[in-house]
Amino acid sequence: MKPNLNNASLKISAGTPKQFPADRLPQIAFSGRSNVGKSSLINSLLSRKSLARVSGEPGKTITINFYDIDKKLYLVDLPGYGYAKRTFEDKKKWSALTDGYFTDNRNLDSLRLVCQLIDSRIGPTEDDLDMLYYLREADLPHIIVATKTDKLNASEKAKFNAIIAEEELCLGTPVIMYSAKTNLGKDDLWKAIFAACED
């Protein structure tokens, strides 16, 4: 698979499972807490500045954004979780919509990989570990993408890797160190995505 990465567009911002695309293109989902850098990562992957909108107000977006990559696959941006200032009603909407993606998605068998984003400066939060537990229990293929690694020095990177190595829910899960600012890890992440789409 060699899609033209310049031919990328937002297919739909879905607010309910009924709005999910009906076609059966492979889907690569991006999960993570609010402000982990999902939009910046997607823009970095596609060498774009603003295809994925970077919100100035973390936790505000409660839609699932499907990005059509050359009619060959979708990058799926799931709503960020764990934002403390989100209202109870908003949290319920987020939970229902994200749950719907995994449980009420007519094309769930088109989901080839979940990229679980973790802020490398913080390490896995309880919400991250809950998500990793769900992905493991549901037997969904997933990898960990550590974001914002350009902000770490060598000892901080070593500390992050040690935390991941000691966390049972991360055992055996591939980890890609990523920086949307420097594009560190970009080639490795695309290799993982293409490999998942070819399985």
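Criteria and thresholds
- Residues numbered from 1 in each chain as written.
- Predicted model: local features only at pLDDT ≥ 70, side-chain atom pairs only at ≥ 80, totals over all residues.
- Heavy atoms only, no water.
- Helix = DSSP H or I, 4+ residues; strand = E, 2+ residues; numbered from the N terminus.
- Buried < 20%, exposed > 50% of the residue type's maximum accessible area, 1.4 Å probe, protein only.
- Contact = heavy atoms within 4.5 Å.
- Areas by Shrake-Rupley, 256 points an atom, 1.4 Å probe, with all protein chains shown as cover.
- Core = buried A, V, L, I, M, F, W, Y, C linked by side-chain atoms within 4.5 Å.
- Axes fitted to C-alpha atoms, helices over the stretch in contact; angles between N-to-C directions.
- Parallel < 35°, antiparallel > 145°, perpendicular 65-115°, else oblique.
- Nonpolar A, V, L, I, M, F, W, Y, C, P; charged D, E, K, R; others polar.
- Pairing = 2+ DSSP bridges.

A. Molecular detail of the overall build of the protein. Across its full length, the protein holds five helices and seven strands. Walking the protein from its N terminus toward its C terminus, one meets helices and strands in the order β-β-α-β-β-α-β-α-β-α-β-α. Burial status across the protein gives 48% buried among its 199 residues. Sequence-distant contacts, at least 24 apart, represent 76% of the contacts inside the protein between residues at least 6 apart. When the accessible area of the protein is evaluated, it comes to approximately 10,100 Å², of which 50% is carbon and sulfur surface.

B. Seen up close, the nonpolar core. Membership of the largest hydrophobic core comes to 26 residues, with the highest contact counts inside it found for Ile28, Phe30, Leu45, Leu75, Cys115, Leu189 and Ile193. Those elements giving two or more residues to this core turn out to be strand S2 (27–31), helix H1 (38–45), strand S3 (64–69), strand S4 (73–77), strand S5 (111–119), strand S6 (142–147) and helix H5 (186–198). Broken down by element, this core gets its largest block of residues, five residues, from H5. Those residues in contact with Leu189 that lie beyond four places of it in its chain are Phe30, Leu41, Leu45, Cys115, Ile143, Val145, Ile176 and Tyr178. In this structure, Ile64, Phe66, Val76 and Phe102 belong to the second largest nonpolar core, which totals 18 residues.

C. Spatial organisation of the packing of H1 against H5. It is at 10 Å that the axes of H1 and H5 come closest, and there the two elements cross at 85 degrees. With respect to each other, H1 and H5 are oriented roughly perpendicular. Of H5, the residues touching H1 (which contributes Leu41, Ser44 and Leu45) are Lys186, Leu189, Trp190 and Ile193. Broken down by class, the residue content of the contact of H1 with H5 amounts to five nonpolar, one polar and one charged.

D. Inspection of the environment of Ala8 at higher detail. Within the element layout of this structure, Ala8 appears in strand S1 (residues 8–14). Judged by its relative accessible area of 9%, Ala8 falls in the buried class. In sequence terms Ala8 and Leu51 are 43 residues apart; their C-alpha atoms lie 8.3 Å from each other. If near-sequence neighbours (up to four positions away) are discounted, Ala8 is found in contact with Leu46, Arg48, Leu51, Asp68 and Ile69.

E. A look at the sheet that holds strand S7 (residues 175–177). One open sheet holds the seven strands; their spatial order is S1-S3-S4-S2-S5-S6-S7, and the pairing between them is mixed. At either margin of the open sheet sits one strand with a lone partner, and together these are S1 and S7. If you compare each strand with its neighbour and ignore which way they point, the axes differ by 25 degrees on average. On the sheet, helix H3 (residues 126–137) packs against S2, S5 and S6 and is oriented at approximately 160 degrees with respect to S5. Together, S2, S4, S5, S6 and S7 form the strand contacts of H5, whose direction differs from that of S5 by roughly 155 degrees.

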